[in-house]
Amino acid sequence: MVRHKLKLHAKGLILAPRKPHVIFVTLLYIAISILLLLIVMNLSELGAFQVETIRRVNNAAVEAFQLGTFPQVAIPELQISVLGLFFFVIPWILTWMVELGYLYYIRGIARGEDGLGYRSLFEGFNYFLKGLFIRLLSYAAISLGFVLLMVPGFVLIAAFSQANLLLLDNPDKNVFWHLRESTRLMRGHKWEYLVLRLSFIGWLLLMRIPFLHYAVRVWYTPYSTLTFVNYYHGLIGQGPKDPEDGWQKPSMF
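Description of the structure in this document.

1. Structural notes on the pattern of salt bridges
- Scanning the entire structure with this criterion turns up five salt bridges.
- Measuring nitrogen to oxygen at the nearest pair gives 2.5 Å for the salt bridge that ties glutamate 181 to arginine 184. Here glutamate 181 pairs with arginine 184, and both are found in helix α8 (residues 175-185), just three residues apart, close to one helical turn.
- By sharing partners, the salt bridges in this structure join Arg107, Arg111 and Asp169 into a single network.

2. Observations regarding a nonpolar patch on the surface
- A surface patch of nonpolar side chains, about 830 Å² in accessible area, is lined by Leu78, Ile80, Leu83, Leu85, Phe86, Val89, Ile90, Leu94, Phe122 and Phe125.
- Along the chain, leucine 85 falls in helix α4 (residues 82-110).
- Looking at leucine 85, the relative accessible area reads 38%, which means it is partly exposed.

3. Describing the packing of aromatic side chains
- Going through the model one piece at a time under the given rule, you end up with 12 aromatic pairs.
- With a centroid separation of 4.3 Å and 10 degrees between ring planes, the pair formed by tyrosine 29 and tyrosine 102 is classed as stacked. Taken as a pair, tyrosine 29 in helix α2 (residues 22-43) and tyrosine 102 in helix α4 lie far apart in primary sequence, 73 residues in all. Here tyrosine 29 and tyrosine 102 have matching classes, each one buried.

4. Thoughts on the packing of α2 against helix α11 (residues 213-235)
- Viewed as axis vectors pointing N to C, α2 and α11 meet at an angle of 115 degrees, and their least axial separation amounts to 9 Å. As the angle between them shows, α2 and α11 are arranged roughly perpendicular. Relative to α11, α2 is oriented so that their crossing is right-handed. Of the residues in α11, those touching α2 at Val22, Ile23, Thr26, Leu27, Tyr29, Ile30, Ser33 and Ile34 are Tyr214, Arg217, Val218, Thr221 and Pro222.
- Among the residues making up the contact of α2 with α11, the classes are represented as nine nonpolar, three polar and one charged.

Rules and cut-offs
- Residues numbered from 1 in each chain as written.
- Predicted model: local features only at pLDDT ≥ 70, side-chain atom pairs only at ≥ 80, totals over all residues.
- Heavy atoms only, no water.
- Salt bridge = Lys/Arg side-chain N within 4 Å of Asp/Glu carboxyl O.
- Helix = DSSP H or I, 4+ residues; strand = E, 2+ residues; numbered from the N terminus.
- Patch = residues over 30% accessible without salt bridge, like charges linked within 9 Å, V, L, I, M, F, W, Y side chains within 5 Å.
- Areas by Shrake-Rupley, 256 points an atom, 1.4 Å probe, with all protein chains shown as cover.
- Buried < 20%, exposed > 50% of the residue type's maximum accessible area, 1.4 Å probe, protein only.
- Phe/Tyr/Trp six-rings, centres within 6.5 Å; stacked < 30°, edge-to-face > 60°.
- Axes fitted to C-alpha atoms, helices over the stretch in contact; angles between N-to-C directions.
- Parallel < 35°, antiparallel > 145°, perpendicular 65-115°, else oblique.
- Left-handed = near helix turned anticlockwise from the far one by under 90°.
- Contact = heavy atoms within 4.5 Å.
- Nonpolar A, V, L, I, M, F, W, Y, C, P; charged D, E, K, R; others polar.

The values reported here are purely geometric and, on their own, carry no functional implication.
Right, here's the structure in full:
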């Protein structure tokens, strides 16, 4: 009788739903991102053009360093087909949606919500059109800012930085409201936000070390995302004063 109860108890434990650890969800998120990036780089002319251009620039930089000369970089020829454009645009759009889903997941962790897991990565598709337009409009404005005087680009990065979280909290509002509200929230906080981003420079440098990139990225991704989610909660009056609360940060960084 006792053995029978133990078997039932063990079976119940096996079948009971468990919330996956944040590291495992992050691993899936990174794996999806890498897969989509590989599709872009290998199945689209734009991706191949970007890879070849970077290779030629790097070779020229090495030659300039070794020989003290500045060789002319021959930009590869760019040919774009409809199929190649499809394999460039669609994976990037999917990447943005999964990124929004990961933000949804980390936001839920910060708020102690239940029901979070691997499927949370695909929640971004529930905000597909608005999320897409927010990304495109903010990218267009930021790119224009960098082209003009450089500094406006950084200002706009900070100004629009809260738009995606505002979308998750206010899905019924229109796209321009999210961008305007983000700008309003960041009024007087832009420099503070940029300094917060710069505080992760140590992690970014570590990810440049061969064989350490993905190991560091698995830790850095949830840690940095949670920091910025807490920062947003602080802006709207619902979060900790220290945006890094809720994640154990090694003292060396």
